[in-house]
Each structure stands twice: as structure tokens, then as C-alpha cells.
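# Architecture and fold: a report
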Amino acid sequence: MILPIRLFGDPVLRERAELVKRADEDLNGLIADMIETMRNANGIGLAAPQIGRNKRLFVVDVSPLLDSMAEHERAELPDQPLVFINPEITWESDEEVEYEEGCLSIPDIMEDVIRPSAVRIAFRDAAFKRRELQVDSILARVIQHEYDHLDGVLFLDHISAFRRQILKRKLREIARGETTAEYPTEVALAA
Ligand code: ZN
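Worth saying up front: this structure is predicted, and the values here are computed from it rather than measured. (Residues numbered from 1 in each chain as written. Predicted model: local features only at pLDDT ≥ 70, side-chain atom pairs only at ≥ 80, totals over all residues. Heavy atoms only, no water.)

### What about the overall build of the chain?
The line we're drawing: For helices the rule is a DSSP run of H or I covering at least 4 residues; for strands it is a run of E covering at least 2, with both sets numbered from the N terminus onward. Our radius of gyration is a C-alpha quantity, and the globule rule it is checked against amounts to 2.2 Å times the number of residues to the power 0.38. Partly exposed residues are those whose accessible area sits between 20% and 50% of the maximum for their type, while under 20% is buried and over 50% is exposed, using a 1.4 Å probe and protein chains only. Only heavy atoms matter for contacts: two residues are in contact if any of them lie within 4.5 Å across the pair. Surface accessibility follows the Shrake-Rupley procedure with a 1.4 Å probe radius. Residue values consider only the protein chains on display as shielding. Positive charges come from Lys and Arg alone, negative charges from Asp and Glu alone, with His and the N- and C-terminal ends not counted. For this purpose, a charge sits on NZ of Lys, CZ of Arg, CG of Asp or CD of Glu.
Tallying secondary structure elements over the chain gives five helices and nine strands in all. Going residue by residue from the N terminus, the α and β elements of the chain occur as β-α-β-β-α-α-β-β-β-β-β-α-α-β. Computed over C-alpha atoms, the radius of gyration of the chain comes to 16 Å, within 12% of the 16 Å expected from 2.2 N^0.38 for 191 residues, which places it in the range of a compact globule. With respect to the three principal axes, the spread of C-alpha positions in the chain is 40 × 40 × 30 Å. Taken across its 191 residues, the chain has 46% of its residues classed as buried. Taking the contacts inside the chain whose residues are at least 6 apart along the sequence as the reference set, 67% of them involve residues at least 24 apart. Accessible surface, the chain as shown: approximately 10,400 Å² in total, 46% of it carbon and sulfur. Put simply, the chain has 24 plus and 36 minus side-chain charges, and the middle of one group is 6 Å from the middle of the other.

Structural data, given as C-alpha cells:
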């Protein structure tokens, strides 16, 4: 089921999400819905708070990017969606890189963000099995962006106050539901 994506301004995007306690049918359904919702929006990552669920869970699928990549880059990337439940970033590289980010909850805004170039992440997969991965390149970038969502952090929090000021009007329009996206969205209007 394709779920509406919560937009900037919605308080759920600013909450710290809660641990997923167990694997059950509800969880499997949620994962399937999140993957479907991400794909429908042409996204490469989606975190549970973005569909209004306050859970420590996100999905990543970099396969749409593979076609435009050189073969040696492609070989290191998964061509299937990855599911990260109760993730914990356990290591970050000292080396940092700048990369342009966007977010399905903040349509039409792209900004350069500096983050560690590689991370190690411990998590449970879709089968609720414990796993650990060390990633770099675009995968490290998407994982860090989605991981932030679980702590109520948005990529805008990593840019300069100057850049945020420039985006202020556009952000206000998003929060008021005055922007449109090419996928179903939901705005929490202030009471
Ligand atoms: Zn995002």
C-alpha cells in the first residue's frame, strides 16, 4: 500500500523514534508498505517517521542509481532494498565528503551536506536477524540521512544558517501545504 509521505512541518519528523520490539505481521506489512511508498516516490531511502510511524526503522534502495554508474562502483552496491531495524551507527570515518541531498519530506530542495564518507552500522534486517555492515559511497550517505530521521534530525539541520535563511520561504510553503509533489503527501497543519 502506498502511504502518504509526511512533509516538513509535521511534528512526527522531529520526534525521537522508538525501538521496534519484535518482528510480527504488522512489521512485515509496514516494511512492504514503506518499500512500495519509497519506489512510488522514486526515492532511494525512507524512514518510518516519514510515513507517520514513530519507529526506529528505515529502508534504502539505491538500485535506481545503478544505471548511471561506472561498473566498478555498481559492483559494490546492493540491487535490492535493504531494511534497517533498530540501527546503531557504531563507527564513522574521520574523512568527510560533501554531497547534495534531498528528502521526500522536503520536496524540491537540494542542498550540499558534509558527512563522514564511511560508517559502520549494526541493525536487524527484515528477518529481524542481527547484522552489521560497513559502507561507503552513496550507500553511506543515504544510510546517514535516514538514520538521522529516527532522531528527528533533517538534512537541513546540517546546512549553514545562511542557507536555511535563503530557504525559509520555500520551507514555510511546504509546511503550509502549498507545494505539490509527484507522490501522495500529508501536511500536519498547526491547530
Ligand atoms: Zn529524508
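### A look at the nonpolar core
For clarity, the cut-off: Here the nonpolar core consists of buried residues drawn from Ala, Val, Leu, Ile, Met, Phe, Trp, Tyr and Cys, with membership extended through side-chain atoms lying within 4.5 Å.
Ranked by internal contacts, the top residues of the largest apolar core, which has 22 residues, are Phe58, Val60, Leu77, Phe84, Ile121, Leu139 and Ile143. For this core, the element with the most residues is helix H4 (residues 137-149), which contributes six residues. The residues touching leucine 139, leaving out its near neighbours within four places in the chain, are Val60, Val62, Leu77, Pro78 and Leu82.

### Overview of helix H1 (residues 25-40)
This is how the line gets drawn: Expected span of a helix, by definition, is 1.5 Å for each gap between consecutive residues, and there is one gap fewer than residues. A 3.5 Å cut-off defines polar contacts: any pair of N or O atoms within that distance qualifies, except that in protein one atom must be a possible hydrogen donor and the other a possible acceptor, and neighbouring residues in sequence count only when both atoms are side-chain atoms.
In a regular helix each residue adds 1.5 Å, so 16 residues correspond to 22 Å; H1 covers 22 Å between its end C-alpha atoms and thus fits that length. Taken together, the buried positions of H1 are occupied by Leu27, Leu30, Ile31, Asp33, Met34, Ile35, Thr37 and Met38. Lining the buried residues of H1 we find strand E1 (5-6), strand E2 (45-47), strand E3 (57-60) and strand E4 (82-92). One side-chain oxygen at the N-terminal end of H1 lies 3.2 Å from the backbone nitrogen of aspartate 26; it belongs to aspartate 24. Residue asparagine 42 follows H1 closely and has a positive phi angle near 55 degrees.

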